[in-house]
Amino acid sequence: MGNSTLGEYLRARGVSRRGFLQFCMTSATLMGMAPSMVPRIAEALESAKRPSVIWLPFQECTGCTESITRAHGATIESMIFEAISLDYQHTLQAAAGDAAEHAREKAMKDNWGKYLLVVDGSVPTADAGYGTIAGVSNLEMLKEAAAGCAAVVAVGSCAAFGGIPMANPNPTGAVAVSDVVKDKPIINISGCPPIPVVITGVLMQYLTFGKVPELDALGRPKAFFGQNIHDRCYRRPFYERGQFAETFDDEGAKKGWCLFKLGCKGPVTYNACATAKWNNGTSFPIEAGHGCIGCSEPRFWDKGGFYKPLSTGDWGSGATLAVAAGAGVALGAAAAALGRKRQKDVEAQS
Amino acid sequence: MSTRPPDAAGRDVNQEFPLELDEPRFSVKEPKIRYDMQGDLTDEQRVAAAMKNFVKDFGRTAAVYMESCIHCGMCAEACHFHEVTKDPRYTPIWKLEPFKQAYKREYGPFALFFRLFNLKPKVTHEQLAEWQHLLYDSCTVCGRCSLMCPMGIDIATLISQARHGMFHAGLVPHELYAVAERAKREGSPLGATPQVFADRVDWLADDHEVEIPLDKDKAEVLCTMSSIEIMKYPESVVATARVMNHLGVDWTFRTDGYEATNFGLLSGNAAWQKQMTMKLIDAAVACGAKTLILPECGHAYMALRWMGAAMYGKPLPFRVLHMAEFLAENVRDKRLRVRKVRQSVTFHDPCQVSRRGGATEAPREVLAALGVELREMHPTKGTNWCCGGGGGVVAIHRADKLRHQVFQIKMKQIDDTGAELAVTSCANCRQTFDDGQAHFNWDKTMHSLLELVADNLIEDEA
Amino acid sequence: MTLLDFARGPALQWSVAIFVFGLLWRLVGVFLLRTKKDLSAPRNPAAWKGLRLIALRSWPRKEFLEGTAFGEVMGYAFHLGFLVTLFFYVPHLLFFESVFEGLIGTDFEGLFGFAWPALPTGVITFLSAVSIAALVAVLVHRITNPVKRLISNFDDYLSWFLTAAPLVTGMLAYAHAGGLRYETLLGLHILSAEALLAWFPFGKLIHAFTIFAARGSTGMIFDRRGASL
């Protein structure tokens, strides 16, 4: 891959100046920056060295890799991705076994303190046996790799928050990357999986400015995770008007009414699905007729059910209320009995 | 507030609480020293006695009421005492505060927690003493508050119940205690003992040349009177006789059951209330009466018509009618024949008969038969203003100033109708009006419906 | 566990249970007290007719209206706004439907044949605002009016606060206003409603249930006598 700059690499691949600048313009827009920023982005990318990137996969389903590689032909994004010196990635690398591990170790040593560490999947802590690569536990590998990185990008809800492995009862003791790495900047790109353009957009930001973008309270880039789905959802007018689909195939569903009653978690989910959408802006779950499951939020698997409306909670059960009622009746009857007895006593005395 | 001296027992009550029977308002004479505390109980004993006697009244209905107050204060808007003073202490539900405290602390479903966390303060002797004025001087149990309350709380009835506690705590106002005690002992609050009654019946029959049967063994109808009429308006006794005779009724008075007022009810002694009620019931039963007629009195109607059966323990074996109802019945049956009175009249509704008692139309039927031009005051009937003297208030001297303020409402009401004649069907209202008339030099006198009828009977020339 | 998780989980279970527990304790404790049969001869024997007082007493007689109109109007404005917001705003009615279904087994429409009606959010927002305004008005009245100031106690002020809090926090959450994260606002809103639920059986709010018994009792006793209703 060499040490050429990104500009040299792109020219070698036949990307025109105009195409490159269009890409910079799109990126600026995506990141909410003014057009005046485009020259700066262009300059930065032109002369950017292709940094070493090490991608560690732990308890993951490979969905995040699938997402980022959803290349629609030879798009500029995939080129950018290739232009990063991706020195270790299980799904995409040609090498395997010892050769792959040696490549990782060499990249880490050569670029110690400067490489970008990308992680997907959660980290098991209950037993090393739940996740090992070449005989090394995920936990150890993460600690070692984090020690020499410039920053960590936790891609996907598993790496960012623990994801599905952490769901109740969490048999592997799965934790998020941020639970293990405490002394390096971490960017959480949550989502199950994250939107492709969100992943590349964040990397773009990092490449351009050389530092971690503005993050929210959960460590996610505000540029993509700063607004909830509900506020940007095209079905919002139906919510306001009180028109809801009651089942997945009723009149309301066919008319594209709001899916709140079918469990949509849009109001408390922060992601770019409603604006950037998926598959290059084709659609997103709500548009396809299914409520948002809140996949970019921590513990979304344990929030009470994808099809239970957000405003219902766990109020108990008929049984618990029967117990409460029974206790109340008993105390009430006792109080009344005491009162009546007191009256009898008083009347007997007079 | 003075306490009755410890060696009070055995003193001559006649000397101690002499009656005042020559003023527009009959009561005991204004005391130089007020004895507003009775008995020689300690403060703790007074509070304990109050609590005990409150508890007796905390049944389901009272409990529901106590649990339902939302402190909206609207009852104050209905109360004539609040109306004329704007003193928030006269808010009807506030008059019940110690009763409410006692309920929540001692009896309600959460009583334990109320005591444990002191969520409502314990009723103290000072508080009860302070509340005497609120429970007696400033409440005529007129029931306007009960009519207003958005929650439907019958505040007036609860006041009567709260008085039970006050009586046993020995915290009844001087005059009210005096007349109630006299009534219990002598049979009448105002000295109309059976002997005095018999004597009066005698000379009235003589003077007015009217037959007045007394102590018949058997009679269809037992008539009763109030001491106010016997002592202040003896013409009502005559009027009763005239009407009964005109109608050809087989009736009698009985010296073993003639006093319809019930100062046990008014002062708050449930035992005395029962005793006084039982006299009337026993007398009616003794002479086999099918009907007992109550005189022109307000609380007498409440005491017997609505509370009497509870005293008796079973349904009464005779009908109970207020004199106005009896007259109305006979108007309907065309048995009562009266001359037309071509005057304009306004009718003052006695609270216990109209609003609380349900006999609102009866007097008006009688007035219609009399052919008067009826000019209703505003408000009228069920929402009419109280005269301010009921519930024992007119007997209490220290309440006079307050009562006179209230009376101004009545004067304006009646003046505004422009009616020539003011009529009512309650002797206590009547004496309250007499007292107000004297105090304000008012040009209107309150008349009795019964006497108006009696004065206009068409007698056969036989 | 986040604040919102807590609000939708343990706090919800406990508050609903306390509500049921306390409500039954208080109501049973009152309704099992003794009553005395009315032995007097009734003027109107049909006792149940007296229950019409429950409806009649919903508005004062015109003779009393002058001093009470403010309180009555504000009271209705508050109650209407509050109850409509509570029962006809979709997120809320979904909660009640979930309780309904959990207890009875079928959903609301299954039992009654028509869906629980919902009102548009704009209507709800307006009525909520009216409700809050009315609450402020009655609090000012309670503090300034001599009668109310004398008779008011801790219960009155706490109940006011716990009633106002869900309305205010609900508006804030809906508007994403108040300077806090939406999830926090929502969590606070749900917690405030739970605080109201838990307090409900123990203070004056119980009038929501006892009003029927109190008006009903008085109505039956009075109508029997022909007394004024």
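The notes below deal with the structure included here. Keep in mind that this is a model prediction, so the values were computed, not measured.

## Some points on the overall build of chain C
Across its full length, chain C holds 11 helices and 0 strands. Listing the helices and strands of chain C from first to last along the sequence gives α-α-α-α-α-α-α-α-α-α-α. Along the three orthogonal principal directions, the C-alpha set of chain C runs to about 65 × 50 × 35 Å. Buried positions account for 46% of the 229 residues belonging to chain C. Accessible surface for chain C amounts to roughly 10800 Å². Of this, 74% is attributable to carbon and sulfur atoms. Positive and negative charge centroids in chain C, built from 19 and 14 side chains respectively, lie 16 Å apart.

## Thoughts on the sheet that holds strand E12 (residues 446-448) of chain B
Residues and elements named next belong to chain B. A sheet is described by the order of its strands in space; here 4 strands give the open sequence E10-E9-E11-E12, paired in parallel fashion. A strand with exactly one partner marks an edge of an open sheet, and here the two such strands are strand E10 (373-374) and E12. When strand E11 (residues 421-424) meets E12, the two strands line up parallel, connected through 3 bridges. Bridge pairing links Thr 424 to Ser 448 in E12. The strands touched by helix H23 (residues 427-440) are strand E9 (344-348), E11 and E12; relative to E12, the strand with the most contacts, the crossing angle is about 155 degrees.

## A short note on the interface of chain C and chain A
Between chain C and chain A, the contact holds 36 residues from the first and 35 residues from the second. For the chain C and chain A pair, buried surface summed over both sides reaches about 3300 Å², with 62% attributable to carbon and sulfur atoms. The largest contributions to the chain C side of the interface with chain A come from C:Arg8, C:Arg34 and C:Leu94, which together make up 19% of the buried area. The tally of links between chain C and chain A comes to 2 salt bridges. Between C:Arg34 and A:Glu347 there is a salt bridge whose closest N-O contact spans 3.0 Å. Put simply, chain C and chain A have 16 residue pairs in polar contact (both at pLDDT 80 or more) between them. Residue assignment for the side of chain C that touches chain A shows that the elements contributing at least two residues are helix H1 (3-8), helix H2 (10-31), helix H5 (90-104), helix H7 (121-144) and helix H10 (182-199) of chain C. Ranked by the residues each element gives to the side of chain C that touches chain A, the list is headed by H2(C), at 10 residues. Among the residues making up the side of chain C that touches chain A, the classes are represented as 22 nonpolar, 10 polar and 4 charged.

## Some details on the packing of helix H4 (residues 65-88) of chain C against H7(C)
Residues and elements named next belong to chain C. Packing of H4 against H7 leaves a shortest axis separation of 8 Å and a crossing angle of 145 degrees. The chirality of how H4 crosses H7 is left-handed. Touching Phe 70, Met 74, Ala 77, Phe 78, Gly 81, Phe 82, Val 84, Thr 85 and Phe 88 of H4 are Ile 124, Leu 127, Ser 128, Val 130, Ser 131, Ala 134, Leu 135, Ala 137, Val 138 and His 141, all from H7. For the contact of H4 with H7, the residue count by class is 14 nonpolar, 5 polar and no charged.

## Observations concerning the sheet that holds strand E1 (residues 52-57) of chain A
Residues and elements named next belong to chain A. Strand order in the open sheet made by the 5 strands is E2-E1-E3-E6-E7, with parallel pairing throughout. Of all strands in the sheet, those with a lone pairing partner are strand E2 (85-88) and strand E7 (186-189), marking the two edges. Going across the sheet, the axis of each strand differs from the next one's by a mean of 25 degrees, ignoring polarity. Pairing geometry for E1 and strand E3 (residues 115-120), over 5 bridges, is parallel. In the sheet register, Pro 57 faces E3, and the bridge partner there is Asp 120. Packing of helix H7 (residues 138-147) onto the sheet brings it into contact with E1, E3 and strand E6 (149-155), and relative to E3 it is tilted by some 155 degrees.

## Concerning the interface of chain C and chain B
Contact residues are listed per partner, giving 52 residues for chain C and 61 residues for chain B. Both sides of the chain C and chain B interface together cover about 4600 Å² of buried area, and 64% of this is carbon and sulfur. The largest share of the area that chain C buries against chain B comes from C:Leu39, C:Phe64 and C:Ile151, three residues that together contribute 15% of it. Counting across the interface, chain C meets chain B through 2 salt bridges. Going through the elements one at a time, H2, H4, helix H8 (146-151) and helix H11 (207-225) of chain C are the ones with two or more residues in the side of chain C that touches chain B. Looking at which element gives the most residues to the side of chain C that touches chain B, the answer is H11(C), with 12 residues. Split into classes, the residues belonging to the side of chain C that touches chain B amount to 23 nonpolar, 15 polar and 14 charged.

## A short note on the pairing of E1(A)
Walk down a regular strand and you will see the side chains alternate between the two sheet faces. All names here are of chain A. Burial analysis of E1 places 6 of its 6 residues in the buried class, the great majority of the element. Neither face of E1 is left uncovered, since the one carrying Ser 52, Ile 54 and Leu 56 and the one carrying Val 53, Trp 55 and Pro 57 both have all their residues buried. Pairing between E1 and E2: 3 bridges, direction parallel. Note on E2: the bridge partner recorded for Ile 54 is Tyr 88.

## With respect to the environment of B:His378
Residues and elements named next belong to chain B. By secondary structure assignment, the location of His 378 is in the loop between E10 and helix H22 (400-417). By relative accessible area, His 378 is classed as exposed at 70%. As for His 378 and Lys 412, which are separated by 34 residues in sequence, their C-alpha atoms are 9.8 Å apart.

## A few points about helix H11 (residues 155-168) of chain B
Given a rise of 1.5 Å per residue, 14 residues ought to cover 20 Å, and the 21 Å separating the end C-alpha atoms of H11(B) matches this to within 8%. The buried fraction of H11(B) amounts to 12 of the 14 residues, a majority that puts the element mostly inside the structure.

## Things to note about the side chain of A:Arg236
Note that A:Arg236 resides in helix H13 (residues 236-241). A distance of 3.0 Å separates polar atoms of two side chains, one belonging to A:Arg236 and the other to A:Glu240.

## Observations regarding the packing of aromatic side chains
Residue and element names in this part refer to chain A. Applying the stated criterion to the full structure yields 43 aromatic pairs over all chains. Each ring, one from Phe 248 and one from Tyr 307, has its centre 5.9 Å from the other, and the planes form 90 degrees; the classification is edge-to-face. Here Phe 248 is found in the loop between H13 and helix H14 (251-254), whereas its partner Tyr 307 is found in the loop between H14 and helix H15 (318-349), with 59 residues between them in sequence. In this structure Phe 248 comes out as partly exposed when scored by relative accessible area, which is 41%.

## Considering a negative patch on the surface
A surface patch of like charges, here negative, comprises B:Asp199, B:Asp202, B:Asp206, B:Asp207 and B:Glu209. Looking at the secondary structure, you find B:Asp206 in helix H13 (residues 194-208).

## Here's the deal with unusual backbone geometry
A:Asn168 connects to A:Pro169 through a cis peptide bond whose omega is 5 degrees. Here A:Pro169 lies in the loop between helix H8 (156-161) and helix H9 (177-180). Put simply, B:His378 and B:Pro379 share a cis peptide bond, and its omega is -10 degrees. Of note, B:Pro379 is situated in the loop between E10 and H22. Look at C:His176: it is not a glycine, yet its phi comes out positive at around 50 degrees. Locating C:His176 in the fold gives a position in the loop between helix H9 (154-175) and H10.

## Focus on the pattern of salt bridges
Side chains that differ in charge, positive against negative, can pair when their charged atoms come close. Residue and element names in this part refer to chain A. A full pass over the atoms with the stated rule returns 48 salt bridges over all chains. With a closest N to O distance of 3.1 Å, Lys 341 and Asp 345 form a salt bridge. With Lys 341 and Asp 345 both in helix H15, this residue pair falls 4 residues apart, about one helical turn.

## Concerning the environment of A:Asp216
All names here are of chain A. One can find Asp 216 in the loop between helix H10 (196-209) and helix H11 (222-225). Residue class for Asp 216 comes out buried when judged on its relative accessible area of 17%. Counting along the chain gives 29 residues from Asp 216 to Ile 187, while the straight-line C-alpha distance between them is 9.8 Å. What Asp 216 contacts, discounting residues up to four positions off in sequence, is Lys 222 and Phe 225.

## Some remarks on the packing of H15(A) against helix H2 (residues 43-57) of chain B
Where H15(A) contacts H2(B), the two axes come as close as 9 Å, and the packing angle between them is 120 degrees. One element, H15(A), and the other, H2(B), form an angle in the oblique class. By crossing handedness, the relation of H15(A) to H2(B) is classed as left-handed. Between H15(A) and H2(B), the residues in contact are A:Arg342, A:Gln343, A:Val346, A:Glu347 and A:Gln349 and B:Lys52, B:Val55, B:Lys56 and B:Asp57, respectively. Here the contact of H15(A) with H2(B) is composed, by residue class, of 2 nonpolar, 2 polar and 5 charged.

## Some details on a nonpolar patch on the surface
On the surface, B:Leu112, B:Phe113, B:Leu116, B:Phe117 and B:Leu119 cluster together to form a nonpolar patch covering roughly 520 Å² of accessible area. Within the secondary structure, B:Leu112 is located in helix H8 (residues 111-116).

Scoring rules and cut-offs
Residues numbered from 1 in each chain as written. Chains lettered and ligands numbered in written order. Predicted model: local features only at pLDDT ≥ 70, side-chain atom pairs only at ≥ 80, totals over all residues. Heavy atoms only, no water. Helix = DSSP H or I, 4+ residues; strand = E, 2+ residues; numbered from the N terminus. Buried < 20%, exposed > 50% of the residue type's maximum accessible area, 1.4 Å probe, protein only. Areas by Shrake-Rupley, 256 points an atom, 1.4 Å probe, with all protein chains shown as cover. Lys, Arg positive; Asp, Glu negative; His and termini not counted. Charge placed at Lys NZ, Arg CZ, Asp CG, Glu CD. Pairing = 2+ DSSP bridges. Contact = heavy atoms within 4.5 Å. Axes fitted to C-alpha atoms, helices over the stretch in contact; angles between N-to-C directions. Buried area = accessible area lost by both parts, 1.4 Å probe. Salt bridge = Lys/Arg side-chain N within 4 Å of Asp/Glu carboxyl O. Polar contact = N/O pair within 3.5 Å; in protein donor to acceptor, adjacent residues only side chain to side chain. Nonpolar A, V, L, I, M, F, W, Y, C, P; charged D, E, K, R; others polar. Left-handed = near helix turned anticlockwise from the far one by under 90°. Expected span 1.5 Å × (residues − 1). Phe/Tyr/Trp six-rings, centres within 6.5 Å; stacked < 30°, edge-to-face > 60°. Patch = residues over 30% accessible without salt bridge, like charges linked within 9 Å, V, L, I, M, F, W, Y side chains within 5 Å. Parallel < 35°, antiparallel > 145°, perpendicular 65-115°, else oblique.

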